[in-house]
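Architecture and fold: a report
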Amino acid sequence: MANGFSRKDLVLLGPGLATLALGAVLQLLHVPHALIARWIGVALLAAFAVRRRSLTPWIFVAMIAGAELGFDAPHFAVGLRVFSDIFLRLIKTIVAPLILATLVVGIAGHGDLKGVGRMGVKTLVYFEVVTTLALGIGLLAINITKAGVGLALPAAANAVQTVAAPPPTHWDDFLLHIFPENLAKSVAEGQILQVAVFAVFFGIALATLSEAKRGPVLRLCESLSEVMFRFTNVVMYFAPIGVGAAMAYTVGHMGLGVLVNLGKLLLTLYGALVLFAVAVLLPAAMLFKVPIARFIAAVAEPATIAFATATSEAALPRAMEQMEALGVPRRIVAFVIPAGYSFNLDGSTLYLAVASIFVAQAAGIHMSLGQQLLMMATLVLTSKGVAGVPRATLVVLLATASTFHLPVEPIFVILGIDALMDMARTMVNVVGNCLASVVVAQWEGVFGTELPDEVVLEGVEA
């Protein structure tokens, strides 16, 4: 079927969204049986997904249906978390072997170690520029809205009993954490960056061997990468169930009422993320002549998965497939996207800037511009250790508060809407890393020069 919408598609999509919106308005007006209108809207959207015969519409519809179920039947929806956990577990089994195999093949298969080094330098330069701009936008946004000023804090004793603040994060701790001491341990703990570092050194060592000794190992890694992409294609058929269950649990557990008390902070973050996308990501895409329409279509599915599950890792295999199908060579996809999960989490970095100043504002502590810039400089380093897992930024936020002697009580206020903020920042993380892979490919002059693998195309077209 063509990528565009046919008239029959629009007949289902338009009324479906309109009926859903009508049901939401009727709910606000306390009209009886408003949920009937909303579920009719969901049914029309499901019919649209059936016509499209593609996973992306199904994931989108599942996300809406999950949110509706979480609102209408929260106790039942909370029990569906097991299905989202199953999906996340299946995805996590893919990540480490996929990164290991694709990186080794990308480095050793071409034998151009100078090219790998050049690509690595360009990647890190791009990462640092973009994440620094993300910090700046977050700092600007929270100082304009002052969302934390006047916040009533909970009792300190209750907060202390909930979670103990971790020790401050130092640069040497992060640097040491990059390097694996045991590959099996790194794989078991889901340490993506450590697996990537091992793969880089392994690929360099393999590239220096003769063809007779390098060939068998290289073919093994090529076969493993093919198998893991095929594995991804199979697992993705479970994605609508996993995404819908994740959304149902989030809404059922947190409720929609969380928007009331901390709506200002939530709007500050969402507004800053939109500004970052328009003022940083879009110009970067235009500067490097990224095909924006094709890129948006390719990134839609992994971004939706990231938003619903609030887990960057859940979207990683699909993001790698989509970028390779878009025209990014596999060796660049395998290097840039996994590296970005530690060095280029734009959404999480921006969130940390907003949240850390929010904590100071809520505590009534005035921080000068110099102190705020010093905190941002610290976050430039500490944000690099944020793993692609749900709520990992909480650890960095607590560590930052400890470093700058800020109270932890406001952080526990933030937890009330952290799930909603996590969805948006995780989606921006995934989009930012996908864009980075295209930018580096364009910078290297190799975008669209290699045909995607048939297995990858099969998965993308599913």
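Residues numbered from 1 in each chain as written. Predicted model: local features only at pLDDT ≥ 70, side-chain atom pairs only at ≥ 80, totals over all residues. Heavy atoms only, no water.

When helices and strands are tallied, the protein chain shows 23 helices and zero strands. Taking all 462 residues of the protein chain together, 52% fall into the buried category. Counting contacts in the protein chain only where the partners sit at least 6 residues apart, residues at least 24 apart contribute 84% of the total. (Helix = DSSP H or I, 4+ residues; strand = E, 2+ residues; numbered from the N terminus. Buried < 20%, exposed > 50% of the residue type's maximum accessible area, 1.4 Å probe, protein only. Contact = heavy atoms within 4.5 Å.)

Here the focus is the pattern of salt bridges. With the rule as written, the count across this model stands at 13 salt bridges. For Glu 68, the salt bridge goes to Arg 38, with nearest N and O atoms at 2.7 Å. Within this pair, whereas Glu 68 is found in helix H3 (residues 55-72), its partner Arg 38 is found in helix H2 (residues 34-52), the two being separated by 30 residues in sequence. Linking Glu 321 and Arg 318 is a salt bridge whose minimum nitrogen-to-oxygen distance equals 2.7 Å. Of this pair, Glu 321 and Arg 318 both sit in helix H16 (residues 312-326), three residues apart, roughly one helical turn. Since its relative accessible area comes to 0%, Glu 321 is described here as buried. When salt bridges with common partners are traced through the structure, they connect Arg 38, Glu 68 and Asp 72 into a single cluster. (Salt bridge = Lys/Arg side-chain N within 4 Å of Asp/Glu carboxyl O.)

Moving on, we get to the environment of Gln 191. Relative to the helices and strands, Gln 191 resides in the loop between helix H9 (183-189) and helix H10 (192-207). Excluding residues that lie within four positions of it along the chain, Gln 191 makes contacts with His 177 and Ser 186.

Together, Val 82, Phe 83, Ile 86, Leu 90, Phe 231 and Ile 241 give the surface a local cluster of nonpolar side chains, amounting to about 460 Å² of exposed area. When residues of the nonpolar patch are assigned to their parent elements, the largest contribution, four residues, is made by helix H5 (residues 81-108). (Patch = residues over 30% accessible without salt bridge, like charges linked within 9 Å, V, L, I, M, F, W, Y side chains within 5 Å. Areas by Shrake-Rupley, 256 points an atom, 1.4 Å probe, with all protein chains shown as cover.)

Turning our eyes to something else, we now look at the packing of aromatic side chains. Each aromatic ring pair is characterised by the separation of its centres together with the angle its planes make. Applying the stated criterion across every chain yields a total of four aromatic pairs. For the ring pair Phe 288 and Trp 443, a centre distance of 5.7 Å and an interplane angle of 50° mean the geometry is tilted. In this pair, Phe 288 sits in the loop between helix H14 (263-287) and helix H15 (292-309) while Trp 443 sits in helix H22 (residues 418-444), placing the two residues 155 residues apart along the sequence. Looking at Arg 425, its charged tip hangs above the ring of Tyr 351, at a distance of 3.9 Å from the centre. (Phe/Tyr/Trp six-rings, centres within 6.5 Å; stacked < 30°, edge-to-face > 60°. Lys NZ or Arg CZ within 6 Å of the ring centre and 35° of its normal.)

What follows deals with the confidence of the model for the protein chain. On average, the protein chain scores 80 in pLDDT, and the residues at 70 or more come to 83%. Predicted confidence in the protein chain is weakest over helix H7 (residues 156-162), with a mean pLDDT of 40, and strongest over H14, with 93. Contacts of residues 154-166 to residues separated by more than four positions or lying in other chains number 13 contacts, the stretch itself having pLDDT below 50. Under a pLDDT of 50 for its full length, residues 257-261 has, in the predicted model, five contacts with residues more than four places off or in other chains. (pLDDT = per-residue confidence, 0-100.)

Here we take up the packing of helix H11 (residues 211-235) against H16. The description of two packed helices rests on the angle between their axes and on the distance between the axes. Where H11 contacts H16, the two axes come as close as 10 Å, and the packing angle between them is 110°. Taken together, the axes of H11 and H16 are roughly perpendicular relative to one another. For the pair H11 and H16, the crossing hand works out as left-handed. Contacts between H11 and H16 involve Phe 229, Thr 232 and Asn 233 from the first element and Pro 317, Arg 318, Met 320, Glu 321 and Glu 324 from the second. Split into classes, the residues belonging to the contact of H11 with H16 amount to three nonpolar, two polar and three charged. (Axes fitted to C-alpha atoms, helices over the stretch in contact; angles between N-to-C directions. Parallel < 35°, antiparallel > 145°, perpendicular 65-115°, else oblique. Left-handed = near helix turned anticlockwise from the far one by under 90°. Nonpolar A, V, L, I, M, F, W, Y, C, P; charged D, E, K, R; others polar.)

Residues Phe 276, Phe 295, Met 323, Leu 350 and Ile 414 are the most contacted members of the largest nonpolar core, which totals 122 residues. Leaving out residues up to four positions away in the same chain, Met 323 has contacts with Phe 295, Ala 298, Val 299, Val 328, Val 333, Ile 337, Cys 434, Ser 437 and Val 438. By size, the runner-up hydrophobic cluster in this structure holds 10 residues, among which are Leu 12, Leu 20, Ile 64 and Ala 65. (Core = buried A, V, L, I, M, F, W, Y, C linked by side-chain atoms within 4.5 Å.)

Turning our attention to the environment of Glu 226. With respect to the helices and strands, the residue Glu 226 is situated in helix H11. Note on Glu 226: relative accessible area 24%, which makes it partly exposed. On a C-alpha basis, the gap between Glu 226 and Glu 454 in space is 9.6 Å, while along the polypeptide they are 228 residues apart. In this structure Glu 226 touches Arg 330, Asp 453 and Val 455, once residues within four positions along its chain are discounted.

Bringing H16 into the picture now. In this model H16 runs 20 Å from its N-terminal to its C-terminal C-alpha over 15 residues, within 8% of the 21 Å that 1.5 Å per residue would give. Along H16, the sharpest kink reaches roughly 35°, centred on Arg 318. Of all 15 residues making up H16, 14 are buried, and the element is well covered by its neighbours. One or two residues past the end of H16 sits Gly 327, with phi positive at roughly 135°. (Expected span 1.5 Å × (residues − 1). Bend = angle between axes of the 7 residues up to and from the residue.)

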